[in-house]
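What follows is the residue order along each chain.
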Amino acid sequence: MSSEDKHILQPSSWVDKYADYLFNFAVVRISDPEQAADLVQDTFLSALKAKNSFQGKSSEKTWLTSILKRKIIDSYRKRKSTKESSLDDYEQSINDSKFFNNDGPFKGHWKDESKPHSNSLMPEGEIENSELREIIEKCISLLPENLGAVFIMKMIDDASSEEICKELDITASNVWVMMHRARLRLRSCIETNWR
Amino acid sequence: MAKKMIACDEAGFLISKSRDAKLTFREKMGLKIHLMTCHLCRKYEKQIIQLNKLIGRYKEQCTHENCCQTLDDKARQDLLHLLQNELDK
């Protein structure tokens, strides 16, 4: 590789060039802006320590982003709750009692207060991008346990189920159940916030 | 053995699973039959499809190069100082 092709690091310009990009990247995936800012700080510090391992094959931005990605996944792993192991019981886990009756004559049916009201969550042609972003980010931030992590990895990062299983130390069926529970909540949150 | 009709909780799960993985023949049939008679789950399915579209739009608008969120001035200053300290060491 000739010297023109190799990228070099210029740490003194990192904040100017990349701080907003990295912050936005983190906040989309972490929700909490304070924690996101901390992760950006940690990323720059780790990058400085590791600068001798930078081979110049990727751009500075790509390299910094990959360090941030690793830190985001580590924070997801820390967040993991013990509830997730109870997801292995199929019947128990798909009958999310927030949304469905779990006993009685209407067992398995939608609860009145949680049922979908129309074919459409919102008139998507009429909503501004900034409004949409606010609703989506708010609803994702409300997801409990690690449902948000799984949903974001799948829908925003296009991670495969295998990758998600490996990174978060869960099974494939956990992934399906968690995606289901995330979608139940997001659908409900968006419909409520829009009406 | 009589097949058990599936209820909305299982149908909802299958609607979600069908986005990420292939349903078995039995799952597909169970869901199809349930949707024929359940207007709530038909609505749910349409909403989940729309949710996917909305996330796709969000992804395009607020990730990659479009920075919808930016650091406030104080956080930015703190970062600059921190980095400068490290570089000066």
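Residues numbered from 1 in each chain as written. Chains lettered and ligands numbered in written order. Predicted model: local features only at pLDDT ≥ 70, side-chain atom pairs only at ≥ 80, totals over all residues.

## Some details on the overall build of chain A
Stage number 1. Check the secondary structure of chain A and you find eight helices and zero strands.
Stage number 2. In terms of overall dimensions, chain A is more spread out than a globule: its C-alpha atoms have a radius of gyration of 20 Å, far above the 16 Å expected for 195 residues.
Stage number 3. By residue count, 36% of the 195 residues in chain A fall in the buried class. (Helix = DSSP H or I, 4+ residues; strand = E, 2+ residues; numbered from the N terminus. Rg over C-alpha atoms; globule rule 2.2 N^0.38 Å. Buried ≥ 20, exposed ≤ 12 C-beta atoms within 10 Å, placed from the backbone.)

## Comments concerning the domain arrangement of chain A
All names here are of chain A.
Stage number 1. Domain assignment breaks chain A into domain 1 (11–79) and domain 2 (82–194).
Stage number 2. On the side of domain 2, ten residues touch domain 1, which itself brings seven residues to the contact.
Stage number 3. Broken down by element, the residue count for the side of domain 1 that touches domain 2 peaks at four residues, all from helix 3 (residues 60–79).
Stage number 4. Taken together, the residues of the side of domain 1 that touches domain 2 break down into three nonpolar, one polar and three charged. (Domains from an automatic or database assignment. Contact = placed C-beta atoms within 7 Å. Nonpolar A, V, L, I, M, F, W, Y, C, P; charged D, E, K, R; others polar.)

## Points about the environment of Asp74(A)
Residue and element names in this part refer to chain A.
Stage number 1. Note that Asp74 resides in helix 3.
Stage number 2. In this structure Asp74 comes out as partly exposed when scored by C-beta crowding, with 13 C-beta atoms within 10 Å.
Stage number 3. In this structure the C-alpha to C-alpha distance between Asp74 and Leu168, which are 94 residues apart in sequence, comes to 8.9 Å.

## A short note on the nonpolar core
Residue and element names in this part refer to chain A.
Stage number 1. Counting residues in each nonpolar core, the largest one holds 69 residues, and the members touching the most others are Leu22, Phe23, Ala26, Val40, Val150 and Phe151.
Stage number 2. Two domains each put at least three residues into this core: domain 1 (11–79) and domain 2 (82–194).
Stage number 3. Excluding residues within four positions of it along the chain, Ala26 makes contact with Ala36, Leu39, Val40, Leu68 and Ile72. (Core = buried A, V, L, I, M, F, W, Y, C linked by C-beta atoms within 7 Å.)

## Focus on helix 1 (residues 8–20) of chain B
Stage number 1. For helix 1 of chain B, which comprises 13 residues, the first-to-last C-alpha distance of 19 Å matches the rise-based estimate of 18 Å (1.5 Å per residue) to within 8%.
Stage number 2. For helix 1 of chain B, the set of buried residues is Cys8(B), Asp9(B), Glu10(B), Ala11(B), Gly12(B), Phe13(B), Leu14(B), Ile15(B), Ser16(B) and Lys17(B). (Expected span 1.5 Å × (residues − 1).)

## Describing the interface of chain B and chain A
Stage number 1. Each partner contributes to the interface: chain B provides 39 residues, whereas chain A provides 44 residues.
Stage number 2. Element by element, the count of residues in the side of chain B that touches chain A is highest for helix 3 (residues 39–62) of chain B, at 15 residues.
Stage number 3. For the side of chain B that touches chain A, the class distribution of residues is 21 nonpolar, eight polar and ten charged.

## Here we look at the environment of Ile152(A)
All names here are of chain A.
Stage number 1. Structurally, Ile152 can be placed in helix 6 (residues 147–155).
Stage number 2. It is 9.2 Å that separates the C-alpha atoms of Ile152 and Ile30, two residues lying 122 residues apart in sequence.
Stage number 3. When near neighbours in sequence (up to four residues on either side) are disregarded, Ile152 contacts Arg29, Ile140 and Asp157.

## Things to note about unusual backbone geometry
All names here are of chain A.
Stage number 1. Phi at Ser31 takes a positive value of approximately 75°, unusual for a residue other than glycine.
Stage number 2. Tracing the backbone through its elements, the reader meets Ser31 in the loop between helix 1 (14–30) and helix 2 (33–49).
Stage number 3. Of note in this structure, Asp158 is not a glycine but carries a positive phi near 55°.

## A few points about the environment of Val15(A)
Residue and element names in this part refer to chain A.
Stage number 1. Residue placement: Val15 occurs in helix 1.
Stage number 2. Given 22 C-beta atoms within 10 Å, Val15 falls into the buried group.
Stage number 3. Between the C-alpha atoms of Val15 and Val40, which are 25 residues apart in sequence, the distance is 9.8 Å.

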